[in-house]
Amino acid sequence: MMYLIVGLGNPGRQYEGTRHNMGFDTIDYLIEKHRIPQGGVKFNAMYGKGIIGGERVILMKPLSYMNLSGGPVREMANYFKIDPETEMIVVYDDIDLEPGQLRIRKQGSAGGHNGIKDIIRQLGTQKFLRVKVGVGAKPRGWDLADHVLSRFADGERRLVDESIGRAGDAVEMMISEGTDAAMNEYNKKAVPASEKE
């Protein structure tokens, strides 16, 4: 068994820290926590191989820009003989969830997310595991693209940094204990650490 963990985002310094890069940020968290060595670039994606939760994993960040994420994902899955329906987890931003909230799903539509839309189109299935990281709804009158490419206010940023760590831990639990266990743990409303004190 080998898992393909895909974090969605946009490459380039101008996109660092934006709402649309929650997937990239979660992959970075996992790389650091589990000391995953970088494998370089393959199929227009940065990747690294290692062990998480006792299983072999490939961590991947497509470099194709968000709307074309599907091509690199399909090629990586084919190359490493990954079954996307059982051995792939995709981490990405969700505007329907408040900053700090997570939602784990076993399948579903793209829900207006262009990166997921392209993955579904390229793989020909909606049935793959995903971890959605809340980034908050767009303000009234804002263009959606402007919103997802914007950065967080200081108060939000703290919540988001916490949720990136929790998203990484959720991926780990999905691998080691199963998706149902992770859903029970992480799909409930999060209380920010700042409110627990």
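Coordinates for the structure precede this section.
Residues numbered from 1 in each chain as written. Predicted model: local features only at pLDDT ≥ 70, side-chain atom pairs only at ≥ 80, totals over all residues. Heavy atoms only, no water.

## Comments concerning the pairing of strand β7 (residues 129-134)
In terms of burial, β7 is largely enclosed, as six of its six residues are buried. Here six bridges tie strand β5 (residues 88-94) to β7, and the two strands are oriented parallel to one another. Looking at the pairing, D94 lines up with G134 of β7. With four bridges joining them, strand β6 (residues 102-105) and β7 adopt antiparallel strand pairing. (Buried < 20%, exposed > 50% of the residue type's maximum accessible area, 1.4 Å probe, protein only. Helix = DSSP H or I, 4+ residues; strand = E, 2+ residues; numbered from the N terminus. Pairing = 2+ DSSP bridges.)

## Observations concerning unusual backbone geometry
For R35, which is not a glycine, the phi torsion comes out positive at approximately 50°. Relative to the helices and strands, R35 is located in the loop between α1 (22-34) and β2 (38-42). A relative accessible area of 74% means that R35 is categorised as exposed. Its identity as a non-glycine residue notwithstanding, K81 has a phi of 55°, on the positive side.

## Describing the sheet that holds β2
Sheet strands line up and pair through hydrogen bonds in the backbone, either parallel or antiparallel. One open sheet holds the seven strands; their spatial order is β2-β3-β4-β1-β5-β7-β6, and the pairing between them is mixed. At either margin of the open sheet sits one strand with a lone partner, and together these are β2 and β6. When the angles between neighbouring strand axes are averaged without regard to direction, this sheet yields 20°. Packing of α1 onto the sheet brings it into contact with β1 (2-7), β2, β3 (45-52), β4 (55-62), β5 and β7, and relative to β4 it is tilted by some 140°. Those strands touched by helix α7 (residues 179-186) are β6 and β7, and its axis lies near 155° from that of β6. (Axes fitted to C-alpha atoms, helices over the stretch in contact; angles between N-to-C directions. Contact = heavy atoms within 4.5 Å.)

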